[in-house]
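Analysis of the macromolecular model
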Amino acid sequence: MPVTALIGLQWGDEGKGKVVDVICDKMDVVVRAQGGANAGHTVIVAGRKHVLHLIPSGMLLPRVRGVIGNGVVLDPFQLVKELDTLGAAGYAIEDRLTISNRAHLVLPWHAALDAAFERHRGGSPIGTTGRGIGPAYMDKACREGIRVEELRHWDRLLLRLREQADRKNHLLAAFSSEPVAIEALIERLASVRERLLPMIADTVWSLNEDHMQGRQILIEGAQGSLLDVDLGTYPYVTSSQCHLGGLLAGSGMPPQSVTRVVGVCKAYTTRVGSGPFPTEERGDIGAAIRAKGQEFGATTGRPRRCGWLDLLALRYATTLNGVTEIALTKSDVLAGQGPIHVATTYEIDGRELKAFPSGSDLDVAVPRYRAFPGFDEDISACATVEELPGALRDYVSFIESALKIPIAMVSTGPGRHQTIRL
Ligand code: GDP
Ligand code: IMO
Ligand code: MG
């Protein structure tokens with residue numbers, strides 16, 4: 001069975017959680033492969049809102065099994081909190097979830113260092129989520145990280161934790177930050193360890209076995225392609241690869257197994273944190289989109305920066321991911337916003353640019369827009385494409401033909417059923 005990958009095409013928060021939940025009706029297994037609890041994926045079931053940070057979003061469907069893959073950096077305390085929250089809401093997740101033995105742990109010194117590094121970036125912080133993601137991936141890259149499998153060998157782990165605490169507390173002291181109290185951490189970790197042990201597995205083998213047995217697998221991307229550490233708007237990015245390559249590396253699935261790549265994008269653009277955003281609307285338009293779209297971070301609650309759709313950025317993201325179909329979300333938010341704008345080119349020093357640039361060019365790029373008539377109708381109850389206002393249908397057709405990729409789904413609201421499949 002072919003594997004499906006689902007990827008954010010912008011700067012995150014595209015509505016991946018909602019789309020995963022919708023397409024998981026056909027899936028057996030859903031996998032998180034990169035990032036950590038910096039992700040906030042919202043799923044609304046029967047009017048009740050759930051925000052998932054580490055647990056794959058598709059697991060709210062009771063028959064879907066979940067995997068936290070090797071590429072994830074896992075905060076064990078956050079995971080247990082999430083299991084409890086979902087448990088209290090009636091979702092039995094634990095028996096259906098496996099965690100890769102190769103995933104790396106995020107520990108309290110990572111969040112402390114995340115905050116310290118942000119304070120010492122010469123007045124230009126990245127605006128991280130503060131979840132310790134960068135420092136955890138730093139440890140992985142410099143081969144200091146503690147992996148999930150080490151939870152199995154408690155005595156050896158205690159030595160590693162004490163050694164790490166010593167190193168990290170030296171570093172924290174250099175940044176005038178409070179040290180991490182190691183004995184208290186050990187006590188807390190011991191209390192969650194028993195719960196996590198039965199879930200730990202070699203998920204590379206189990207996933208490939210699932211694939212060979214013909215089970216339907218969905219790899220759920222976190223963040224978005226423009227936040228990718230290699231291909232995004234560096235240095236204003238996260239610390240994992242959020243594009244298809246990262247999803248493969250972070251799950252252990254072979255490249256040729258993925259034949260369907262669903263790219264998720266909003267009908268406009270948002271970004272949380274610092275960094276270039278050429279189509280940002282800093283005035284009334286951005287504020288109106290934020291208010292109507294409820295654009296506040298699912299993880300940190302920060303207001304999201306809002307602006308128009310950027311075709312250059314989208315074409316870049318669909319190209320590097322080999323997107324085979326697009327899920328367009330939040331089109332309902334464009335109702336009543338006046339004419340809809342889409343950036344089709346940039347201008348830099350009088351030069352016209354058709355390809356998304358990298359580096360400093362992005363800071364000075366001025367978007368050139370094409371305007372489309374807007375619409376005022378409430379589309380949140382539309383069930384077919386024919387019911388959508390003509391202006392929105394024209395907008396969707398334009399995006400489709402400009403990107404030469406079919407738009408397979410138009411989302412008209414946050415709920416499961418507010419979805420039109422084309
Ligand atoms: P993710 O990180 O990509 O999963 O996205 P988030 O959950 O962080 O943010 C997307 C927000 O938009 C959530 O509050 C969703 O409930 C909401 N949402 C998703 N699709 C739609 C849609 O089509 N219309 C509206 N109005 N809201 C949507
Ligand atoms: P989901 O999966 C939106 C952003 C942060 C910051 C930068 C680095 O919900 O789409 P980090 O904490 O990762 O070191 O922060 O990346 N960021 C996100 N923005 N959605 C996310 O996840 C994000 N995860 C990280 O705001 O700009
Ligand atoms: Mg989010």
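Our subject is the structure listed above.
These notes cover the structure that comes with them. (Residues numbered from 1 in each chain as written. Chains lettered and ligands numbered in written order. Predicted model: local features only at pLDDT ≥ 70, side-chain atom pairs only at ≥ 80, totals over all residues. Heavy atoms only, no water.)

1. Observations regarding the site of ligand 1
How we decide: Residues are classed as near a molecule or strand on a simple rule: at least one heavy atom within 4 Å of it. Polar contact is defined as a pair of N or O atoms within 3.5 Å, subject to the rule that within protein one atom must be able to donate a hydrogen and the other to accept it, and that residues adjacent in sequence are counted only when both atoms are side-chain atoms. Every accessible area reported is derived by Shrake-Rupley at a probe size of 1.4 Å, with residue values counting cover from the shown protein chains alone. Each helix corresponds to a stretch of at least 4 residues labelled H or I by DSSP, and each strand to a stretch of at least 2 residues labelled E; elements are numbered beginning at the N terminus.
Close to ligand 1 lie 19 residues, the nearest being K16, G17, T42, D332 and S411. Contact between ligand 1 and K16: an oxygen atom at 2.7 Å from a main-chain N or O atom of the residue. D332 has a polar side-chain atom sitting 2.7 Å from a nitrogen atom of ligand 1. Protein chains shield 92% of the accessible area of ligand 1, which is 580 Å² for the free molecule. For the shell around ligand 1, the secondary-structure elements that each account for two or more residues are α1 (16-23) and β3 (41-45).

2. What to know about the side chain of T269
Condition: Accessibility here uses a 1.4 Å probe with only protein chains present; expressed as a share of the type maximum, an area under 20% marks a residue as buried, one over 50% as exposed, and anything in between as partly exposed. Any pair of residues with heavy atoms lying within 4.5 Å of one another is described as a contacting pair.
Structurally, T269 is set in strand β12 (residues 269-271). We classify T269 as buried; its relative accessible area is 2%. A polar atom in the side chain of T269 sits 2.7 Å from the backbone oxygen of W308. Setting aside anything within four residues of it in sequence, one finds T269 in contact with Q10, W11, F277, T279, R305, C306, G307, W308, L309 and D310.

3. What to know about the packing of aromatic side chains
Filter applied, for reference: The pairing test for Phe, Tyr and Trp rings, Trp by its six-membered ring, is centres within 6.5 Å, and the orientation test on the planes gives stacked under 30 degrees, edge-to-face over 60, and tilted for anything in between. Placement of a charge over a ring requires the Lys NZ or Arg CZ to be within 6 Å of the ring centre, with the centre-to-atom vector within 35 degrees of the ring normal.
Counting across every chain of the model gives six aromatic pairs. Relative to F175, the ring of F117 lies with its centre 5.4 Å away and its plane at 75°, an arrangement referred to as edge-to-face. Here F175 lies in the loop between α5 (154-174) and α6 (182-196) and F117 lies in helix α3 (residues 108-119), a separation of 58 residues in the sequence. With a centroid separation of 6.5 Å and an interplanar angle of 55°, the aromatic rings of Y346 and F356 are classed as tilted. Residue Y346 is located in strand β16 (residues 340-348), and its partner F356 is located in the loop between β17 (351-353) and α11 (361-364); the two are separated by 10 residues in the primary sequence. Accessibility expressed as a relative area gives 12% for F356, which makes it buried. Note that R188 overlies the ring of F77, its terminal NZ or CZ placed 3.8 Å from the centroid.

4. Considerations on the site of ligand 2
In the vicinity of ligand 2, 20 residues are found, and the nearest of them are K16, H41, T129, Q223 and T238. Take H41: an N or O atom from its side chain is 2.7 Å from an oxygen atom of ligand 2. Within the contact set of ligand 2, an oxygen atom lies 2.6 Å away from a side-chain nitrogen or oxygen of T238. Taking 550 Å² as the accessible area of ligand 2 by itself, protein coverage stands at 97%.

Worth remembering: the numbers are spatial, not functional.
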